[in-house]
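What the coordinates show
Listed below, chain by chain, are the residues.
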Amino acid sequence: MMSFRPFVAAAVLVGGIFATHGVRPPNRPESHQSLLEFPASIASWHSEDLPFDADVVQEIGADDYINRVYLGGTPPIELYVGYYKDQRSGDAMHSPKNCLPGSGWEPVRSTVLQIGFASGRPVLVNEYLVEQGTRRDMVLYWYQTRRRIVASEYAAKYWLVVDGLKRQDTDGTMVRVWTTAADGEVNARARATDFARHIYPQLAVMMPE
């Protein structure tokens, strides 16, 4: 017999998303810290800003963002962080799994990687190996708020509903770390993971309470 549980769960989630559109947040002090204030130097890396063209900024729909390349004694690491103040307005975070194929990057494999702990819980992010022609790159990405870090797009949508109904806020960020895998997947993973471990605690304190 066909199980209706997945359909019920999907209906509840969709209903919750619609419900958050009817709940407007109260007037409260703006506590989001501009992402431009995110450290330009991290450990041995120093950065250069790579701002997007106006049409790209409009397409991603973020209220605030940084796009940088961090340089040091290793191959470069690119960092993109997009902050969305209110996802009920229609703009929502874009998953790299949907965006990268449209830019000519083909997926090789994807998995979930633990990069640390926060508040006693494991910090899980997406590891995404992609290629374009003869080039192969390593991408880590995750969704982050002040309260949590999640890898799953479905979990991010679930918490969007929960926070919208319980706390009356739907803000959040999508974080993407990108580096070449030309020096091998093991080295690329180690480099990206080390960088990610440096940045997620700093991003947390920049998010609104």
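The following refers to the structure shown. (Residues numbered from 1 in each chain as written. Predicted model: local features only at pLDDT ≥ 70, side-chain atom pairs only at ≥ 80, totals over all residues. Heavy atoms only, no water.)

**Considerations on the overall build of the protein chain**
A count of helical and extended segments in the protein chain gives five helices and nine strands. Starting at the N terminus, the α and β elements of the protein chain follow one another as α-β-β-α-β-β-α-β-β-β-β-α-β-α. With 209 residues in all, the protein chain has 41% of them scored as buried. The contacts of the protein chain with a sequence gap of at least 6 include a subset with a gap of at least 24, amounting to 65%. If you sum the accessible surface of the protein chain, you get close to 11,300 Å²; carbon and sulfur atoms cover 56% of it. (Helix = DSSP H or I, 4+ residues; strand = E, 2+ residues; numbered from the N terminus. Buried < 20%, exposed > 50% of the residue type's maximum accessible area, 1.4 Å probe, protein only. Contact = heavy atoms within 4.5 Å. Areas by Shrake-Rupley, 256 points an atom, 1.4 Å probe, with all protein chains shown as cover.)

**Re the pattern of salt bridges**
Oppositely charged side chains can form a pair if their charged atoms are brought close together. This model, assessed by the stated rule, comprises eight salt bridges. With a shortest N-O distance of 2.8 Å, Glu185 and Arg109 are connected by a salt bridge. With Glu185 in helix α5 (residues 185–206) and Arg109 in strand β5 (residues 106–118), this residue pair connects regions lying 76 residues apart in the sequence. The residue Arg136 makes a salt bridge to Glu185 at a minimum N-O spacing of 3.6 Å. Residue Arg136 is located in strand β7 (residues 135–144), and its partner Glu185 is located in helix α5; the two are separated by 49 residues in the primary sequence. (Salt bridge = Lys/Arg side-chain N within 4 Å of Asp/Glu carboxyl O.)

**Overview of the side chain of Ser95**
Considering the arrangement of structural elements, one finds Ser95 in the loop between β4 (77–84) and α3 (96–102). Accessibility expressed as a relative area gives 7% for Ser95, which makes it buried. Residues contacting Ser95, with those up to four places away along its chain left out, are Tyr141, Tyr143 and Glu153.

**Focus on the nonpolar core**
With 27 residues, the main nonpolar core has Phe38, Leu79, Trp142, Val177, Phe195 and Ile199 as its most contacted residues. Listing elements by their share of this core, those giving two or more residues are β3 (64–71), β4, β5, β6 (121–132), β7, β9 (172–180) and α5. For this core, the element with the most residues is α5, which contributes seven residues. The next biggest cluster of nonpolar side chains, apart from the first, holds 17 residues, and it includes Met93, Tyr128, Val150 and Trp178. (Core = buried A, V, L, I, M, F, W, Y, C linked by side-chain atoms within 4.5 Å.)

**A look at the packing of aromatic side chains**
Taken as a whole and assessed by the stated rule, the structure comprises six aromatic pairs. Between the aromatic rings of Trp45 and Phe195, the centroid separation amounts to 5.1 Å while the plane-to-plane angle is 80 degrees, which identifies the pairing as edge-to-face. Highlighted residues: Trp45 in strand β2 (residues 45–49) and Phe195 in helix α5, separated in sequence by 150 residues. Note on accessibility: Trp45 and Phe195 belong to one class, buried. Taking the centre distance of 5.2 Å and the plane angle of 75 degrees together, the rings of Trp105 and Trp178 count as edge-to-face. One end of the pair, Trp105, is in the loop between α3 and β5; the other, Trp178, is in strand β9, and 73 residues separate them in sequence. Assessed through its relative accessible area of 9%, Trp178 is described here as buried. A network of ring pairs unites the aromatic residues Trp45, Tyr70 and Phe195 as a single cluster. (Phe/Tyr/Trp six-rings, centres within 6.5 Å; stacked < 30°, edge-to-face > 60°.)

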